[in-house]
Protein chains: 2
Amino acid sequence: MDSLNSSEPPVFADIKDAARQLNGWARRTPLLENSILNEQLGFRLIVKPECLQRTGSFKFRGAFNKISRIPEDMRGNGVVAFSSGNHAQGVAAAATLMGMKSTIIMPKDAPKAKIDNTRALGGTVVLYDRLNENREEIGERMQKEQGAILVKPYDEPLIIAGQGTIGLEISEQVEEIDAKPDAVFVPAGGGGLISGTALAISETLGCDVYSAEPETYDDHKRSLEAGSRQPVPDGAVSICDALLAPIPGELTFSLNSRLLKGGLSVSDKEVLRAMKTAMLSLKIVVEPGGAVALASALTQKIDLKGKTVVCVCSGGNADPEMLSRALSM
Amino acid sequence: MDSLNSSEPPVFADIKDAARQLNGWARRTPLLENSILNEQLGFRLIVKPECLQRTGSFKFRGAFNKISRIPEDMRGNGVVAFSSGNHAQGVAAAATLMGMKSTIIMPKDAPKAKIDNTRALGGTVVLYDRLNENREEIGERMQKEQGAILVKPYDEPLIIAGQGTIGLEISEQVEEIDAKPDAVFVPAGGGGLISGTALAISETLGCDVYSAEPETYDDHKRSLEAGSRQPVPDGAVSICDALLAPIPGELTFSLNSRLLKGGLSVSDKEVLRAMKTAMLSLKIVVEPGGAVALASALTQKIDLKGKTVVCVCSGGNADPEMLSRALSM
């Protein structure tokens, strides 16, 4: 993958290349587990807490992998991105680090903290109506008007490869703690994180990888079952603001349909309970969308008895009201 | 320091030795920071989150450093410890890992989660009344009756050396992120964590180290000012259940009086606000006693403008009610 604008699916070498690119910039998040929780569950639960990543989610990895490769002479017009909030922060932070301007198109109903933080990280925020406007169209229009480089949230090889460094790290870190995972659970919105992670896992650990989604936004699950990309029904709602992409990405689904074992889905209540467990047993703050994989494991959407599962907790950018709601479950 | 029962203050070599002993058993917690928070504060704030340590606090380090060195033929009668909850869990976990029984004497008003977790980690819990009974006396009595080995919470060389591995890790990890700390802030209860950390920092980074305490339990601050060990007044209360030791330890104060630059103290309200900042900006759950160093930095008890400070967040074992209270600040 030589070009900045390749549309070929990434391969494992691209993930190793992304890991080199991110070295010293992204945080190598640890693996966490709790022996008491493991005992109660009857299986070994290992968490990869990307909430501890720079900007509070995994999104910095992909954004930096793309933006840091933009040649000096193409940086003048900045970058543009559309995002519900986590990609927004990743792009704003990566652009600022590279001395570039960034314009981010965000839904009006995104958590206030995500909008505020995107601005604080140096991004110019443009708000839109998620139910009545198409963010891709707005993004492409601004890209043409400003001459800025579009940084897509997931359907782009360098983004997928950047997120895939999580899978590479998991494969290295489980060895350090003598764990042999039977499965890896990963949240899926547009599918960038899970396709990159599954690609890395398929070439290293070789264990099963499952997507995790809100039950109202289970387009990956249904698409995997149908063998083709299925959209989310109009008007669907979920507390998982980070996972509201309308349909699996083309590029990401081409990888996911080949690499994933299956799809899992959870209710809002199961998500809130998982957020509470994350706070009390793992001492980490996970946002709703970041907790769907953990929720799928805690409620054993597949039988995990005696097994070892790694769950990616993909972000932690929640408002205090949402955290209080989880704690009251 | 050859003996299991030395009463000499540890030296730097003992901390390096403890690091080798803990390798593969204790977690190497990362350093965390938030660029937006740094910008808002006007100084660089780096956190060492020991809430992510095995058992949810730094206490596992010292407990394991002591218990794992008990010779096979002395393990039969188990260990005994007195603790408000974090040392309890560290001792129970370390003893169970070494195949030993543990009896833990805990105050009746300790957070329920700490009592439950100590039992779940394999400890036998004996409850006592913190205001009317002396835990040291109970501990020594049980030690004689059962023939168990007493694992003191702080005033013991192997415990101090174990906790000091945090200072060693900080000195190595700041290099990886190109930080040059001007000061390190550390919570102080009996003084084990801070004396070990200060010992390691004095031999590596050489920067100032400050103790942090609740303002109602500011015995280290007053002892440092007076030049001799000063007790906490009778009947003092604080939400920082992990820091309610009645007076600085003898051994720990012999180190702290030589190594610390000074003592800082914070109100309960400042602690709760720091817990909220930890959740929202750093995505970690910190208990009240674990947040006093962070609270001291956030409220700039000394002028930090333009400086770099490392704060140890020493534990995260809080009940959900306390976390909700912090989030509502």
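Quick caveat, the model's predicted, so the values are computed rather than measured.

Each value, and the rule that gives it
- Residues numbered from 1 in each chain as written.
- Chains lettered and ligands numbered in written order.
- Predicted model: local features only at pLDDT ≥ 70, side-chain atom pairs only at ≥ 80, totals over all residues.
- Helix = DSSP H or I, 4+ residues; strand = E, 2+ residues; numbered from the N terminus.
- Rg over C-alpha atoms; globule rule 2.2 N^0.38 Å.
- Buried ≥ 20, exposed ≤ 12 C-beta atoms within 10 Å, placed from the backbone.
- Contact = placed C-beta atoms within 7 Å.
- Domains from an automatic or database assignment.
- pLDDT = per-residue confidence, 0-100.
- Axes fitted to C-alpha atoms, helices over the stretch in contact; angles between N-to-C directions.
- Parallel < 35°, antiparallel > 145°, perpendicular 65-115°, else oblique.
- Nonpolar A, V, L, I, M, F, W, Y, C, P; charged D, E, K, R; others polar.
- Pairing = 2+ DSSP bridges.
- Right-handed = clockwise from strand over helix to strand, strands pointing away.
- Core = buried A, V, L, I, M, F, W, Y, C linked by C-beta atoms within 7 Å.
- Least-squares fit on C-alpha atoms with pLDDT ≥ 70 in both.

Things to note about the overall build of chain A
The secondary structure content of chain A amounts to 13 helices and nine strands. A compact globule built from 329 residues would reach a C-alpha radius of gyration of about 20 Å, and chain A, at 18 Å, matches this within 12%. The burial tally for chain A puts 58% of its 329 residues in the buried class. Sequence-distant contacts, at least 24 apart, represent 75% of the contacts inside chain A between residues at least 6 apart.

Remarks on the domain arrangement of chain A
All names here are of chain A. Once the domains are mapped, chain A shows domain 1 (12-57 + 157-327) and domain 2 (60-150). With centres defined by C-alpha atoms, the gap from domain 1 to domain 2 works out at 23 Å. Across the boundary between the two partners, domain 1 contributes 25 residues, which contact 20 residues of domain 2. Counting only elements with at least two residues in the side of domain 1 that touches domain 2, the list comes to α1 (12-22) and α7 (157-176). The element contributing the most residues to the side of domain 1 that touches domain 2 is α7, with seven residues.

With respect to the confidence of the model for chain A
Residues at a pLDDT of 70 or more form 99% of chain A, whose mean pLDDT is 95. Across the interface, the model reports ipTM at 0.95; the global pTM reads 0.96.

A closer look at the packing of α1(A) against helix α3 (residues 59-67) of chain A
Angle between the axes and distance between the axes: these two values describe a pair of packed helices. Residues and elements named next belong to chain A. For the pair α1 and α3, the least separation of the axes is 10 Å and the interaxial angle reads 90°. When the interaxial angle is binned, α1 and α3 end up roughly perpendicular. Between α1 and α3, the contacting residues are Ala18, Gln21 and Leu22 on the first element and Arg61, Phe64 and Asn65 on the second. Its residues placed into classes, the contact of α1 with α3 shows three nonpolar, two polar and one charged.

Concerning the sheet that holds strand β6 (residues 183-187) of chain A
Sheets are built from strands that pair by backbone hydrogen bonding, the pairs being arranged parallel or antiparallel. Residues and elements named next belong to chain A. In space, the five strands of this open sheet follow the order β1-β9-β6-β7-β8, with parallel pairing throughout. Looking at strand neighbours, the two that pair on one side only are β1 (44-49) and β8 (262-266), the edges of this open sheet. Neighbour-to-neighbour, the strand axes of the sheet open up by a mean angle of 25°, direction not taken into account. Of the strand pairs in this sheet, strand β7 (residues 208-214) and β8 are connected by five bridges, and their pairing is parallel. Counted as the bridge partner of Glu213 is Ser265 from β8.

Comments concerning unusual backbone geometry
Residue and element names in this part refer to chain A. For Asp178, which is not a glycine, the phi torsion comes out positive at approximately 60°. Within the secondary structure, Asp178 sits in the loop between α7 and β6. Assessed through the 7 C-beta atoms surrounding it within 10 Å, Asp178 is described here as exposed.

Digging into the pairing of strand β3 (residues 102-107) of chain B
Residues and elements named next belong to chain B. Among the six residues of β3, six are classified as buried, and the element is accordingly described as predominantly covered. Taking every second residue as pointing to the same face, both faces of β3 are buried, with Ser102, Ile104 and Met106 on one and Thr103, Ile105 and Pro107 on the other. Of the strand pairs in this sheet, strand β2 (residues 79-82) and β3 are connected by four bridges, and their pairing is parallel. Paired with Val80 across the strands is Thr103, a residue of β3. On the question of chirality, the crossover connecting β2 to the parallel β3 by way of helix α4 (residues 86-97) is right-handed.

Notes on the sheet that holds strand β5 (residues 149-150) of chain A
Residue and element names in this part refer to chain A. If you walk across this open sheet you meet the four strands as β4-β3-β2-β5, and the pairing is parallel. Of all the strands in the sheet, the pair left with one neighbour each is β4 (123-128) and β5. Those strands touched by helix α6 (residues 135-146) are β2 (79-82), β3 (102-107), β4 and β5, and its axis lies near 170° from that of β2.

Here's the deal with the interface of chain A and chain B
Counting residues at the interface gives 23 residues for chain A, matched by 23 residues for chain B. Looking at the side of chain A that touches chain B, the elements with two or more residues in it are α2 (35-41), α5 (112-120), α11 (268-282) and α13 (320-327) of chain A. A breakdown of the residues in the side of chain A that touches chain B according to their chemical character gives 15 nonpolar, four polar and four charged.

Quick look at the nonpolar core
Membership of the largest hydrophobic core comes to 205 residues, with the highest contact counts inside it found for Leu294(A) and Leu294(B). Contacts of Leu294(A), omitting those with residues within four sequence positions, involve Val47(A), Ala274(A), Ala278(A), Val286(A), Cys311(A) and Cys313(A).

A few points about the relation of the copies chain A and chain B
Structural alignment of chain A on chain B gives an RMSD of 0.0 Å, achieved by rotating through 180° and translating 0.0 Å along the axis. Look at the turn and shift together and you get a two-fold axis relating the two. Across chain A, the smallest distance between a C-alpha and the rotation axis is recorded for Ile284(A), namely 2.3 Å. By residue overlap, the copies meet face to face through one surface: 100% of the interface positions of chain A are interface positions in chain B.

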